[in-house]
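Listed below are the residues making up each chain.
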Amino acid sequence: MTEERVLDCAGRSLPLDGPVVMGVLNVTPDSFSDGGRHAGVEAALAHARAMVASGAGIIDVGGESTRPGAEPVPLQHELDRVIPVLERLRAELDVVLSIDTSKPEVMQAALDAGAEMINDVNGLRAPGAMQVAASGTAAVCVMHMQGQPRSMQEQPHYSDVVAEVSDFLTGQAEALLSRGVARERIVLDPGFGFGKTQEHNLALFRSLPGLAGLGYPLLVGVSRKSMIGNALGGRPVTERLVGSVTAALLAARAGARILRVHDVRETMDALTIQRVLGA
Ligand code: 7PJ
């Protein structure tokens, strides 16, 4: 099993010796947890600056809500939301910029605007997505999702969720390798909450050590998700902070190298306490 020490993000080497926090920057008017508060470019910039100051190593910019039940966003709307934000962030911040999209056209425009990582919840399955990823030099996060956001939580079904998710992720990674994408550019993510019941999410979480050993760095996103609310007996999204931070810490301990979170400062605090006080 190889130990991945760095992630190559368009020539920028992101060290992965310790966990890296990826801060979520939603520029959707309908994101389920931020309610569009960062929709304006200025507000988005201020939020990104604060996350970087708190220790985020990656900022993940998303303009298409993928919460359960969400309708697809037209291409031009998504471009109009994310590209101006990426351009301003690139001019101002020395941090890895990631684009959270499933559309090849948005990926390409984001790379042109300075994004150094593609984060695709659809696992590069859209026609043309693999080509965009392979033609550039950005890092690529392949996430597993069953179904599409609009209907994915209606009837998730697996005979062996861990095996099926692992097979999908390694298959997509191998497809990237065969197109010439260096191994050091690839990240995998089991996709918590994307076409998964609570039982599926828990099975995957318990299997994180195995998933982290597939040969690629693992990204985990559980921040504020229903999985956390369910585990706490049905907590609303505004009351999932401690659960989310605790789960992020557990994921790091289980081998995740990148933690995708809304609450960067609090997550960094937990990681710092582990580093300073941990056995
Ligand atoms: C994830 C994501 C995730 C990756 C979202 C939300 C929904 N990208 N984008 N992994 N989740 N890689 O933030 O709750 O888990 S959007």
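Provided above is the structure to which this section pertains.
Residues numbered from 1 in each chain as written. Predicted model: local features only at pLDDT ≥ 70, side-chain atom pairs only at ≥ 80, totals over all residues. Heavy atoms only, no water.

1. Some details on the overall build of the chain
Helices and strands together make up the secondary structure of the chain, namely ten helices and ten strands. Taking 19 Å as the expected radius of gyration for a compact globule of 279 residues, we find that the chain reaches 17 Å, a close match to that expectation. If one aligns the C-alpha atoms of the chain with their principal axes, the spans along those axes are about 40 × 40 × 40 Å. Considering only contacts in the chain between residues 6 or more positions apart, those separated by 24 or more positions represent 68%. (Helix = DSSP H or I, 4+ residues; strand = E, 2+ residues; numbered from the N terminus. Rg over C-alpha atoms; globule rule 2.2 N^0.38 Å. Contact = heavy atoms within 4.5 Å.)

2. What about the packing of aromatic side chains?
By the definition in use, this model includes one aromatic pair. Between Phe192 and Phe205, the ring centres sit 5.7 Å apart and the planes meet at 50°, which makes this aromatic pair tilted. You can see Phe192 sitting in the loop between strand E8 (186-189) and helix H6 (198-206) and its partner Phe205 sitting in helix H6, a full 13 residues away along the chain. Here Phe192 and Phe205 have matching classes, each one buried. (Phe/Tyr/Trp six-rings, centres within 6.5 Å; stacked < 30°, edge-to-face > 60°. Buried < 20%, exposed > 50% of the residue type's maximum accessible area, 1.4 Å probe, protein only.)

3. A few points about the site of the ligand
Taken together, 14 residues lie around the ligand, and Asp100, Asn119, Asp189, Lys225 and Arg260 are the ones closest in. With respect to the ligand, the side chain of Asp100 contributes an N or O atom lying 3.0 Å from a nitrogen atom. In the complex, the protein chains occlude 93% of the 390 Å² of accessible area that the ligand would expose alone. Grouping the constituent residues of the shell around the ligand by class yields six nonpolar, four polar and four charged. (Near = heavy atom within 4 Å. Polar contact = N/O pair within 3.5 Å; in protein donor to acceptor, adjacent residues only side chain to side chain. Areas by Shrake-Rupley, 256 points an atom, 1.4 Å probe, with all protein chains shown as cover. Nonpolar A, V, L, I, M, F, W, Y, C, P; charged D, E, K, R; others polar.)

4. Remarks on helix H3 (residues 104-112)
What H3 keeps buried is the set Pro104, Val106, Met107, Ala110 and Leu111. Burial along H3 is one-sided: seen end-on, the buried residues are contained in an arc of 160°. Those residues of H3 that are buried lie in contact with helix H2 (75-92), strand E5 (96-100), strand E6 (117-120) and helix H4 (129-135). (Arc of directions from axis to C-beta.)

5. Digging into helix H10 (residues 264-277)
Under the 1.5 Å per step criterion, the end-to-end length of H10 is 20 Å for 14 residues, consistent within 8% with the ideal 20 Å. Within H10, burial applies to Val264, Thr267, Ala270 and Leu271. In an axial view of H10, the angular spread of the buried residues amounts to 135°, which keeps them on one side of the axis. Structural note: H10 exposes Arg265, Val276 and Leu277 on the side pointing more than 90 degrees away from its buried face. Buried residues in H10 make contact with strand E3 (20-26), helix H1 (41-53), helix H9 (241-253) and strand E10 (258-261). (Expected span 1.5 Å × (residues − 1).)

None of the figures reported here should be taken as evidence of function without further support.
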